[in-house]
Amino acid sequence: AQLLRCVPHAVLLEDGQGDISVLVSAAARPLVSADGAAAERLPGGCLLRRNDAAWLEALPQARHYLYPVHPSQSLLCSSTLASSLYLLLLTLAHRRYDDTLRLSDACSADTRPSAEEAQLWRAVVEAGLSDSHPEAHAARLKLWLLQRRSPLA
C-alpha cells in the first residue's frame, strides 16, 4: 500500500518468477486543483483527467508506463525519462515531497525532450505553482536547479 500511495490508478502485475511490476496509464493527466466533472478525484487532492486531447496527442503509441518493483519492494524503478517524470508529477500532486526530492535526480537529461517529456515537465511546473507548503518550495527549487542544467533551459 505504501509503495502505491501516489499511483492509486495502477495495476499490479506478477510474472512467473515472482517479479512484480506496476502498470500505470499515461493517458491519465494528474491535476492538483479541481477541474470539473472531467476528472476523477483521488486521495491527497490529486485529480486524474482522462479525456485531455492535447495531453493524449503528445503521448507515443504506447500509453502506459511499466515500473518494475525493486526486490526490496520499497520503491518503483523507472526505465525512461518520461516514466520518471510521470512518477515525479504524481508525487508532487499527492504532496509527497520526500519522494519528489528522491525522484528528481532521475529526471535529468542531456538531450532535447520529446513532446511527451516536455509536456510532463510543463505539468510538473504547473503542479508545483499551486502549492505553498515550505517543502513544496524546496522541491521546486531543486527541480529548478535541475532544469537549468538541461536542454529545457
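All figures in this text were calculated on a predicted structure; none of them were measured in a lab.

J.: When you look at the pattern of salt bridges in this model, what are you seeing that I'm missing?
T.: Scanning the model with the defined rule gives eight salt bridges in all. Between Asp-99 and Arg-5 there is a salt bridge, with the nearest N and O atoms lying 2.7 Å from each other. Of this pair, Asp-99 sits in helix α3 (residues 97–104) while Arg-5 sits in the segment before β1 (11–14), placing them 94 residues apart in sequence. A residue is classified by how much of its surface remains accessible, and Asp-99, at 12% relative accessible area, is buried. Note that Lys-142 is salt-bridged to Asp-105, the shortest N-O span being 3.5 Å. Taken as a pair, Lys-142 in helix α5 (residues 134–148) and Asp-105 in the loop between α3 and α4 (115–129) lie far apart in primary sequence, 37 residues in all. For Asp-105, a relative accessible area of 53% gives the class exposed. The structure contains a network of salt bridges with shared partners spanning Arg-5, Arg-96, Asp-98, Asp-99 and Arg-102.

J.: Just checking my understanding: could you explain the layout of surface pockets for this structure?
T.: Rolled over the atoms, a probe as big as a water molecule pinpoints where empty space is left. Taken as a whole, the largest pocket encloses approximately 380 Å³ of empty space. Lining the largest pocket are 18 residues; nearest its centre among them are Ser-74, Leu-75, Leu-76, Asp-99 and Leu-103. Tallied by class, residues from the lining of the largest pocket come to ten nonpolar, five polar and three charged.

J.: Please explain the pairing of strand β2 (residues 20–25) as it appears in this structure.
T.: Consecutive residues of a regular strand have side chains that alternate between opposite faces of the sheet. As paired strands, β1 and β2 are joined by four bridges and run antiparallel to one another. For Val-11, the partnering residue across the bridge sits in β2 and is Leu-23. Turn length for the β1-β2 hairpin, with the two strands adjacent in sequence and antiparallel, is five residues, and the turn residue Gly-18 shows positive phi of about 90°. Pairing analysis gives five bridges linking β2 to strand β6 (residues 64–68), with the strands arranged antiparallel. Looking across to β6, one finds that Val-22 is bridged to Tyr-67.

J.: Is there a simple way to explain the nonpolar core in this structure?
T.: Core analysis: the largest hydrophobic core is formed by 36 residues, its most contacted members being Tyr-65, Tyr-67, Tyr-86 and Leu-120. Of all elements in the fold, only β2, α1 (53–57), β6, α2 (81–93), α4 and α5 reach the threshold of two or more residues within this core. If you tally residues by element for this core, the top one is α2, at ten residues. In this structure Tyr-65 touches Val-22, Leu-23, Val-24, Ala-26, Leu-59, Ala-82, Ser-83, Tyr-86, Glu-116 and Leu-120, once residues within four positions along its chain are discounted.

Conventions and cut-offs
Residues numbered from 1 in each chain as written. Predicted model: local features only at pLDDT ≥ 70, side-chain atom pairs only at ≥ 80, totals over all residues. Heavy atoms only, no water. Salt bridge = Lys/Arg side-chain N within 4 Å of Asp/Glu carboxyl O. Helix = DSSP H or I, 4+ residues; strand = E, 2+ residues; numbered from the N terminus. Buried < 20%, exposed > 50% of the residue type's maximum accessible area, 1.4 Å probe, protein only. 1 Å grid on protein atoms, 1.4 Å probe; cavity = no way out; pocket = protein on both sides within 12 Å on 5 of 7 lines; lining within 4 Å. Points joined across faces, edges and corners; volume = space filled by probe spheres on them. Nonpolar A, V, L, I, M, F, W, Y, C, P; charged D, E, K, R; others polar. Pairing = 2+ DSSP bridges. Core = buried A, V, L, I, M, F, W, Y, C linked by side-chain atoms within 4.5 Å. Contact = heavy atoms within 4.5 Å.

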